[in-house]
Amino acid sequence: MSAGTLTPVASDRLRELLEVVLERNAFQRSRLEQLGLDGLPQLGDLPPLAKRELVEDQARHPQFGTNLTYPLERYTQLWQTSGTTGPPLRVLDTAEDWTWWRELFAHTLTVAGVRAGDRVALAFSFGPHVQFWAAYQGLQEVGAMALALGGMTSVQRLQTIAETEATAVWCTPTYALRLLEVAVEQRLDHALESVRQVICTGEPGASLPAVRSRIEEGFNATCVDHAGLTEAGPFGSPCPDGHGLHVLEDEFVCEILDDDLRPSDIGQRGELVITPLRRTGFPVLRYRTGDAVVNTDERCPAGHEGRWLPGGIVGRTDDMVVIRGMNVYPSAIEEAVRHVSGSGEFRITFYSEPSGMDEIKLEVELDEGSGARRLQEIMRQQLGLRVRIVPVNSGVLPRPDGKSRRVVDERSVRLVGQ
Ligand SMILES: [Zn+2]
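These remarks concern the structure in this document. Throughout this description, residue numbers start from 1 for each chain and increase along the sequence as written. Only residues with pLDDT of at least 70 get local features here, since the model is predicted, and only at 80 or more are side-chain atom pairs given and counted; chain-wide, interface and lining totals rely on the full set of residues. Hydrogens and water are ignored here; the side-chain numbers use all heavy atoms of the structure.

For the rest of this paragraph, the subject is the side chain of Ser264. Strands here mean DSSP runs of E at least two residues long; helices mean DSSP runs of H or I at least four residues long; both are numbered from the N terminus. Positionally, Ser264 belongs in the loop between strand S11 (252–257) and strand S12 (269–276). Judged by its relative accessible area of 7%, Ser264 is buried. Each residue touching Ser264, except ones within four places of it in the same chain, is listed here: Ile256, Leu257, Asp258, Arg269, Gly270 and Asn295. Relative accessibility under 20% of the residue-type maximum defines a buried residue, over 50% an exposed one, and the middle range a partly exposed one, all with a 1.4 Å probe and only protein chains included. The contact rule is simple, with two residues in contact once any of their heavy atoms fall within 4.5 Å.

Within S12, seven of the eight residues are buried, which leaves the element mostly enclosed by the surrounding structure. Whether two strands pair comes down to DSSP finding at least two bridges between them. Of the strand pairs in this sheet, S12 and strand S13 (residues 287–294) are connected by five bridges, and their pairing is antiparallel. Following the sheet pairing, Arg269 is matched in S13 by Val294.

A word on helix H3 (residues 51–60). Within the span of H3, buried status applies to Leu54, Val55, Asp57 and Gln58. For H3, the buried positions fall inside an angular range of 160° around the axis, keeping them on one side. Along H3, exposed side chains directed more than 90 degrees from the buried face belong to Arg52, Ala59 and Arg60. Where H3 is buried, its residues touch helix H2 (26–35), strand S2 (90–94) and S13. Here the arc refers to the set of directions running from the helix axis out to each C-beta atom.

With that settled, the discussion passes to unusual backbone geometry. Each neighbour pair has its own omega, and for Pro62 with Gln63 the value is -5°, a cis peptide bond. Among the secondary structure elements, Gln63 is positioned in the loop between H3 and strand S1 (75–80). One non-glycine residue with positive phi stands out, namely Leu261, at about 60°. Structurally, Leu261 can be placed in the loop between S11 and S12. A relative accessible area of 31% means that Leu261 is categorised as partly exposed.

Time to look at the packing of helix H1 (residues 8–24) against H2. A fitted line through C-alpha atoms represents every axis, and for helices the fit uses only the stretch in contact; the resulting angles, taken between N-to-C directions, go from 0 to 180 degrees. In the contact formed by H1 and H2, the axes pass within 6 Å of each other and the chain directions differ by 90°. If you check the angle between H1 and H2, you find them roughly perpendicular. Between H1 and H2, the residues in contact are Val21, Leu22, Glu23 and Arg24 and Ala26, Gln28, Arg29 and Leu32, respectively. Of the residues contributing to the contact of H1 with H2, the split by class is four nonpolar, one polar and three charged. Any angle between 65 and 115 degrees counts as roughly perpendicular, while under 35 counts as roughly parallel, over 145 as roughly antiparallel, and the rest as oblique. In the scheme used here, Gly and all other residues not listed as nonpolar or charged are polar, with Ala, Val, Leu, Ile, Met, Phe, Trp, Tyr, Cys and Pro taken as nonpolar and Asp, Glu, Lys and Arg as charged.

Note on donors: an N, O or S atom is included if it sits within 2.8 Å of the metal, or within 3.2 Å for Na, K and Ca, and water is never included, so sites can look incomplete. The coordination sphere of the zinc ion, as far as protein atoms go, consists of Cys239 (SG), His246 (NE2), Cys300 (SG) and His304 (ND1), spread over 2.1 to 2.3 Å. Here a site with four donors is tetrahedral if all angles are between 85 and 135 degrees, and a site with four or six donors is square planar or octahedral if opposite donors are over 155 degrees apart and the other angles are between 65 and 115; anything else gets the irregular label. Each of the four donor atoms around the zinc ion contributes to a set of angles spanning 105 to 117°, which defines the coordination as tetrahedral. One chain supplies every donor to the zinc ion, and in sequence these donors are spaced C-x6-H-x53-C-x3-H. Judged by relative accessible area, which is 4%, Cys300 ranks as buried. Residue His304 is classed as partly exposed on the basis of its relative accessible area, which comes to 26%.

Attention now moves to the nonpolar core. Soluble globular proteins tend to pack their nonpolar side chains together in the buried interior. Take the buried residues of types Ala, Val, Leu, Ile, Met, Phe, Trp, Tyr and Cys, join any two whose side-chain atoms come within 4.5 Å, and each joined set is a nonpolar core. The biggest cluster of nonpolar side chains holds 66 residues, and the ones touching the most others in it are Leu139, Trp170 and Phe235. No other element matches the eight residues that helix H4 (residues 95–112) contributes to this core. With residues up to four places along the chain from it excluded, the contact list for Phe235 reads Ala227, Gly228, Leu229, His246, Val247, Leu248, Phe252, Leu272, Ile274, Thr289, Asp291 and Ile313. The next biggest cluster of nonpolar side chains, apart from the first, holds 29 residues, and it includes Ala121, Cys171, Val195 and Val198.

On to the sheet that holds strand S19 (residues 358–366), then. Spatial strand order, S20-S19-S18-S21: four strands in an open sheet with mixed pairing. A single partner strand is all that each edge strand has here, and the edge strands are strand S20 (388–392) and strand S21 (407–409). Strand-to-strand twist across the sheet, computed as the mean angle between neighbouring axes with direction ignored, equals 20°. Here S19 runs beside S20; their pairing, made up of five bridges, is parallel. By the bridge assignment for S20, Lys361 is matched with Arg388. The sheet contacts of helix H9 (residues 330–339) involve strand S18 (343–352), S19 and S21, and relative to S18 the element is tilted by about 145°. The sheet contacts of helix H10 (residues 370–383) involve S19 and S20, and relative to S19 the element is tilted by about 140°.

Our focus in this paragraph is empty space enclosed by the protein. Unoccupied space between atoms shows up once a probe the size of one water molecule is rolled over them. For each structure, a 1 Å grid was placed over the protein atoms alone; sets of points admitting a 1.4 Å probe that cannot get out are labelled cavities, open sets with protein on both sides within 12 Å along at least five of seven lines are labelled pockets, and lining residues have an atom within 4 Å of a point. Grid points are joined across faces, edges and corners, and a volume is the space filled by probe spheres set on the points. Going through the model one piece at a time under the given rule, you end up with one cavity of 30 Å³ or more. The volume enclosed by the largest cavity comes to roughly 40 Å³. Looking at the largest cavity, the residues that line it are Leu104, His107, Thr108, Pro234, Phe235, Ser237, His246, Val247, Leu248 and Phe252. Where the lining of the largest cavity is concerned, the elements lending two or more residues are H4, strand S9 (233–238) and strand S10 (245–247). Tallied by class, residues from the lining of the largest cavity come to six nonpolar, four polar and no charged.

Here the focus is the packing of aromatic side chains. Two rings from Phe, Tyr or Trp (for Trp, the six-membered ring) form a pair when their centres sit within 6.5 Å of each other. Planes less than 30 degrees apart are called stacked, planes more than 60 degrees apart edge-to-face, and all others tilted. Counted by the stated rule, this structure contains 12 aromatic pairs. Aromatic side chains Trp98 and Trp101 sit 6.4 Å apart centroid to centroid with 50° between the ring planes, which places their arrangement in the tilted category. With Trp98 and Trp101 both in helix H4, this residue pair falls three residues apart, about one helical turn. Side by side, Trp98 and Trp101 carry an identical accessibility label, which is buried. Grouping aromatic residues by their ring pairs yields a cluster made of Trp79, Trp98, Trp100, Trp101, Phe105, Trp170 and Phe252.

Set out below in structure tokens:
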């Protein structure tokens, strides 16, 4: 990465960010000192930052760690990450940083086509995660009506959507599919008639073409995706024409790195590494998002401004499992499942045969017997994977209510160095 690839605005913002952060932020300063770097470094001099380092810093320096650029009294918002892959992390925002979230969410909504006059149902529980509150704030910014559906059952949510004639639903892709299922089970299909848009968040699903088309068909509405992280901000806004996501280049430095943390080749998958340029209170420099994306130097088909991530977030790097020497992303298996008509909930299990060979089992709810054969074919041809498919009856597998937990790893523990 060189400064030449940054926009002039990004270049100025990066210099200002580094100046303020390295002068005042103890966490960032100590990272630099450990590297033996003096003066104002280039961004590329810094090693990419993993979430683990922030969590460890917070454990050593309770309650909020040392990644704080200002005195505590300057901070007005406290968030907590979900902690599904480790202890939760507390992230603080100043009033200025919170305004930045609000503006970026408004941008996402605007490109998604949400306007004043829209009524947007927020189908999630309002907890300590920034996502919900930022969504709410973004809607205020564009002048749309926010309908908070926290603390409701799916049936109550469907009834509220019907009664208020909501024009859009905002939720995880997993939950969008669940809501459709409940609507059918409870004969509430009509409840979604007023909805013309589904905004998906929190999981890669809505970037998967087969998941998206299922949601679009079920809701008879368009489906857009966006992406962000508590630690790195709302970096991905939807491309309504070319699909996938855009990253605003004046707001974020966007790098895509391979397993060795070097720039990925064009056309290859890599990990998205993000530097938000205007969030100074809890800054992250070269943050490893754990999101897998495809590296391209092309503009999106509609010619929009901004870095284009074709296919959006295509998986999580921490979900990736190596089976018989192949990188396997559960999202690719999900995409195949959604391609088969009549398929419902599914569960992927990675396990070891007594011989020591690693295998994949896919339990999937299927309407027709021919579905299993078709699924096997897709796996073999498109993914090059041999998968044991176990068809099960509809309604047998657990229903995830928010972010999906559909992967079980039962492989035998490997002893390093033996
Ligand atoms: Zn575009």
